[in-house]
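# Architecture at a glance
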Amino acid sequence: MSKTTKISLLVVAVVILSLGLLVGNFILEHKRNQPQMFADPVFDFVPPVLDLAQRDFSVLVFSKTNGFRHHEAIPAAKQLLAAIAEQQQWAIAFTENGAVFNAEQLARFDVVVWNNATGPALTLDQQRAFENFIVGGGGYVGIHAAGDGSHKSWDWYANEVIRSQFTMHPMWPQIQQGNLHTEAIQHPIIRELPAQWVLQDEWYSFESSVRTAGSQVLLTIDEKSYDPNFWAMGDDHPLVWAHDVGAGRAVYSAPGHLESVYQDKRYQSLITEAIGWAGQKP
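Okay, so let's go over this structure. (Residues numbered from 1 in each chain as written. Predicted model: local features only at pLDDT ≥ 70, side-chain atom pairs only at ≥ 80, totals over all residues. Heavy atoms only, no water.)

Before going further, it helps to spend a moment on the side chain of R69. Inspection of the secondary structure puts R69 in the loop between β1 (58–62) and α2 (73–88). Residue classification places R69 among the buried positions, given a relative accessible area of 19%. A distance of 2.7 Å separates the side chain of R69 from the side chain of E96, its partner in a polar contact. Aside from chain neighbours lying at most four places away, what touches R69 is Q34, Q36, S63, I74 and E96. (Helix = DSSP H or I, 4+ residues; strand = E, 2+ residues; numbered from the N terminus. Buried < 20%, exposed > 50% of the residue type's maximum accessible area, 1.4 Å probe, protein only. Polar contact = N/O pair within 3.5 Å; in protein donor to acceptor, adjacent residues only side chain to side chain. Contact = heavy atoms within 4.5 Å.)

Here's what the structure looks like:
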């Protein structure tokens, strides 16, 4: 074996070892920050006691994470939703207890917001209660990770509520600035938004556009304005959409990874109007 070959093999070995150490450190850090991702799902069986003011409109915010937990986005969204509720004079309750999904407690609410909830969060009975709530006329607003790949095992939720499977988000870099385009500008959810605007966030890609599933696309992103890596959707890349589910209404917003998104006045308007629209009775 020549000296050059030996040096080449040594370099390759060093590179492999370095990559192995990087991956190992990444996994260890992930286990420290996201321990629930490496454990069996935790389910709740005792419903929470909810302190709910007597108002004409009520919102339940659900933030349980049996998958990835957005440590910054979840509290930022809670703060925003509390401020919106105060401004709109809505009653609001926050919980991470999946046992709240029972017919009696859900009947107290007009809209359920999934605030970056991830993983298999509900038992089969709790899933059925939520399905009955939506189909019977309840409202749903999903934020960011509420539509990620951790919900695939619940067919009804994936197919009827979200309506398109998450594929991935960019990693190189993960956070990028993107140009957003507002569609259906007369729709109540987005009528106050500019036709085009710029936002920095983590941009989800999906298997297909929800237009094919009959959803009303409200916001798209121009993939020419950022690098989607290997997960490009092409000219039609929806980020926010709305549709009916039985007698109920659902809105999903893919933006919402960064804390700063919840401080953006345009996004605040979008979420406010989304909740109001979803909670309108047929």
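Moving on, there is more to tell.
The biggest cluster of nonpolar side chains holds 78 residues, and the ones touching the most others in it are W114, F130, Y140 and I275. The contact partners of W114, leaving out residues within four places of it in the chain, are F62, F101, L122, F130, Y140, V141, G142, I143, A146, H151, W154 and Y157. (Core = buried A, V, L, I, M, F, W, Y, C linked by side-chain atoms within 4.5 Å.)

In this section: the pairing of strand β4 (residues 139–143). Among the five residues in β4, five count as buried, and that is most of the element. Residues G139, V141 and I143 of β4 are buried on one face, and the alternating residues Y140 and G142, pointing to the opposite face, are buried as well. Summarising the sheet, strand β3 (residues 111–115) and β4 pair through five bridges and their orientation is parallel. Bridge pairing links W114 to G142 in β4. Pairing of β4 with strand β11 (residues 248–253), which is carried by five bridges, proceeds in the parallel orientation. By the bridge assignment for β11, G139 is matched with R249. (Pairing = 2+ DSSP bridges.)

Here the focus is the side chain of T272. Tracing the chain through its elements places T272 in helix α6 (residues 265–278). Residue classification places T272 among the buried positions, given a relative accessible area of 10%. There is a polar contact of 2.8 Å between the side chain of T272 and the backbone oxygen of Q268. Dropping the residues within four chain positions of it, T272 is found in contact with I84, Q88 and W90.

Before going further, it helps to examine helix α4 (residues 124–135). With twelve residues, α4 should cover 16 Å at 1.5 Å per step; its first-to-last C-alpha distance of 16 Å lies within 8% of that length. Against α3 (103–106), β3, β4, α5 (155–162), β10 (238–245) and β11 lie the buried residues of α4. At the exit of α4 stands G137, carrying a positive phi of roughly 125°. (Expected span 1.5 Å × (residues − 1).)

Right, let's get into the packing of α2 against α6. Interhelical geometry of α2 versus α6 gives an angle of 60° and a closest axis separation of 11 Å. Classed by the angle they form, the pair α2 and α6 counts as oblique. Every pair of crossing elements has a handedness; the one defined by α2 and α6 is right-handed. Listed contacts from α6 to L80, L81, I84 and Q88 of α2 are Q268, I271, T272 and I275. Of the residues that constitute the contact of α2 with α6, the class distribution is five nonpolar, three polar and no charged. (Axes fitted to C-alpha atoms, helices over the stretch in contact; angles between N-to-C directions. Parallel < 35°, antiparallel > 145°, perpendicular 65-115°, else oblique. Left-handed = near helix turned anticlockwise from the far one by under 90°. Nonpolar A, V, L, I, M, F, W, Y, C, P; charged D, E, K, R; others polar.)

Across a sheet, strands are paired by hydrogen bonds formed along the backbone, either parallel or antiparallel in direction. The sheet built from nine strands is open, its strands ordered β2-β1-β3-β4-β11-β10-β9-β6-β7 with mixed pairing. Two strands lie at the open edges of the sheet, namely β2 (91–95) and β7 (196–201), each paired on one side alone. Averaged over all neighbouring strand pairs, the angle between strand axes comes to 20°, with direction disregarded. Contacting β1, β3, β4, β7, β9 (216–222), β10 and β11, α6 crosses the sheet at an angle of about 165° to β11.

Just geometry here; none of it tells us what the structure is for.
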